[in-house]
Structure formats: C-alpha cells, structure tokens
Amino acid sequence: MTVLPTAYFAPTEWYKAFMKESCEIEVFESFPKQTYRNRCTITSPNGAVTLSVPVCHVERKQLTRDVEISYQQHWQHQHRIALVSAYKRTPYFDYYQDYLMPVYEKRHKYLKDLNDECHAVVMSLMRNMPAKEVTATPLTVTTDWRGCDLEQHWGDGRSILDLLMEYGPETERYLQKL
C-alpha cells in the first residue's frame, strides 16, 4: 500500500503511483510548508510556472486536514489566468476548461477539500465520466503515517494538468506507459 500526500493538481508521478497501486491519502500528518500540498507546477510557453494556494497561518504541528485557505490575495483569479495562458493552445483545453474553472469559483475552507475536488475533476476527465461519480467515490484517508517522507521524488514535479491538456482522454493510458 502506497501512502501519498494530498496535493493540489498533483504531479504526474503522483498520479502514476495512484493509478498503479492501492493508495491511501495522508491528511493526518503535520503540514509541511513549500510542498505540493498547496502548489503545483505547470508548463507555460515561457517555462515552468508554480501556482501556490495561500494558506492561513499554519501553527507548528498543525494537521494537513486542518489547514485553511487564505483569500486575502486574489489567487483564484491568478490561477485561472495562468491556466489559460499556459494551455490555451493545447489540444484539450477548450474541452476541459469548463470543468476546471468552476474549481476556482468556490471558496473552499480547507486545503484538503480543494485538493479533493481537483483530484475528482482530473479523474473524471481522464476516465471520461461525470465528476459527481468520481466525487461519490471517496479517497481512502490513512491514519497510519509513520513519519516517512511522503513527498517522494516527483521527477520535475510537473502537474498532471500538463499531460491532461496534451493527451486528453488518453492521459491514463499514457501514464501506464511511463
């Protein structure tokens, strides 16, 4: 059983592990800063762009599941603009933007909830099924974290969005070849 951290539009390698094995998502760990739990890296015409979800002040030893999102900055608008800028010329962006953009219209209280919705959208697009069906299948959350480093080596750490915009419904098949 693989234990993965919750992640904001997780890296390709995260999804590769998720698709190959039985996984549990860890949210009972102490929240580590500057990780993929609240950021993703996408490829734009000008190179890599890191998108960060600002979080409210994180106290020492705060559990990941309890981390709240800060809305003092206009990060949702900035992320939407970055996605359009990065992916507007990709083969599948026109088809998928109507599924991605609503994620940024909601005000999730907790980072975990935002990440769960991002994961549901990605899985629904990869499997060509409604997000409602994916959301109805909850992620398995583990409490069996043993202090190991959950942020495994993610290669270049590029978000699954890069593959999804390029390969569309073939993304899952492409991941299996990696």
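These numbers were taken from a predicted model, which means no experiment stands behind them.

Attention now moves to the state of the cysteines. By definition, a disulfide links the sulfur atoms of two cysteines through a covalent bond. The tally for this structure, following the rule as stated, stands at 0 disulfides. For the unlinked cysteine Cys40, the closest cysteine sulfur is that of Cys118, found at 8.1 Å. The buried category is assigned to Cys40, whose relative accessible area is 1%.

Right, let's get into the packing of helix H1 (residues 12-20) against helix H4 (residues 111-127). Two elements in contact, H1 and H4, have axes separated by 13 Å at closest approach and are oriented at 70°. If you check the angle between H1 and H4, you find them roughly perpendicular. For the pair H1 and H4, the sense of crossing is right-handed. Touching Trp14, Tyr15, Phe18 and Met19 of H1 are His119, Val122, Met123, Met126 and Arg127, all from H4. Here the contact of H1 with H4 is built from residues that sort into 7 nonpolar, 1 polar and 1 charged.

Right, let's talk about the packing of helix H3 (residues 93-100) against helix H6 (residues 160-167) for a bit. Relative to each other, H3 and H6 sit at 135°, their axes nearing to 9 Å. It follows that H3 is oblique to H6 by the angle criterion. Contact with H3, carried on its side by Phe93, Tyr96 and Leu100, involves Leu161, Leu164 and Met165 of H6 and no other residues of that element. Taken together, the residues that form the contact of H3 with H6 break down as 6 nonpolar, no polar and no charged.

It is possible for side chains of opposite charge to pair when their charged atoms get near one another. Tallying each qualifying case throughout the model produces 6 salt bridges. We note a salt bridge from Arg65 to Asp66, for which the minimum N-O separation is 3.4 Å. Since its relative accessible area comes to 36%, Arg65 is described here as partly exposed. In this structure, Arg127 engages Glu172 in a salt bridge whose closest nitrogen and oxygen atoms are separated by 3.2 Å. Here Glu172 lies in helix H7 (residues 171-177) and Arg127 lies in helix H4, a separation of 45 residues in the sequence. Judged by its relative accessible area of 42%, Arg127 is partly exposed.

A few words on H4. Counted at 1.5 Å a residue, the expected span for H4 with its 17 residues is 24 Å, and the 24 Å between its end C-alpha atoms agrees. Counting buried positions along H4 gives 14 out of 17 residues, so the element sits mostly inside the fold. Looking one or two places after H4, you find Asn128, whose phi comes out positive at around 55°.

Of the two faces of strand S2 (residues 23-26), the one holding Cys23 and Ile25 and the one holding Glu24 and Glu26 are both buried throughout. Across 4 bridges, strand S1 (residues 2-5) lies against S2 in parallel orientation. Paired with Pro5 across the strands is Glu26, a residue of S2. A crossover connection joins S1 to the parallel S2 through H1; in handedness this β-α-β unit is right-handed.

Below, the discussion takes up the packing of aromatic side chains. Two descriptors summarise a pair of aromatic rings, namely the distance from one centre to the other and the angle between the planes of the rings. A full pass over the atoms with the stated rule returns 9 aromatic pairs. Here the aromatic rings of Tyr92 and Tyr95 are separated by 6.1 Å at their centres, their planes lie at 50°, and the arrangement is tilted. Residue Tyr92 is classed as partly exposed on the basis of its relative accessible area of 24%. In this structure an aromatic cluster arises from ring pairing among Trp14, Tyr15 and Phe18. Between Arg107 and the ring centre of Tyr71, over which it is positioned, the NZ or CZ distance is 4.1 Å.

Before going further, it helps to examine the pairing of strand S3 (residues 39-44). Examined bridge by bridge, S3 and strand S4 (residues 47-52) share 6 bridges and lie antiparallel to one another. Considered in S4, the bridge of Thr43 is made with Ala48. Hairpin connection from S3 to S4: 2 residues lie between these consecutive antiparallel strands.

Rules of the game
Residues numbered from 1 in each chain as written. Predicted model: local features only at pLDDT ≥ 70, side-chain atom pairs only at ≥ 80, totals over all residues. Heavy atoms only, no water. Disulfide = S-S within 2.5 Å. Buried < 20%, exposed > 50% of the residue type's maximum accessible area, 1.4 Å probe, protein only. Axes fitted to C-alpha atoms, helices over the stretch in contact; angles between N-to-C directions. Helix = DSSP H or I, 4+ residues; strand = E, 2+ residues; numbered from the N terminus. Parallel < 35°, antiparallel > 145°, perpendicular 65-115°, else oblique. Left-handed = near helix turned anticlockwise from the far one by under 90°. Contact = heavy atoms within 4.5 Å. Nonpolar A, V, L, I, M, F, W, Y, C, P; charged D, E, K, R; others polar. Salt bridge = Lys/Arg side-chain N within 4 Å of Asp/Glu carboxyl O. Expected span 1.5 Å × (residues − 1). Pairing = 2+ DSSP bridges. Right-handed = clockwise from strand over helix to strand, strands pointing away. Phe/Tyr/Trp six-rings, centres within 6.5 Å; stacked < 30°, edge-to-face > 60°. Lys NZ or Arg CZ within 6 Å of the ring centre and 35° of its normal.

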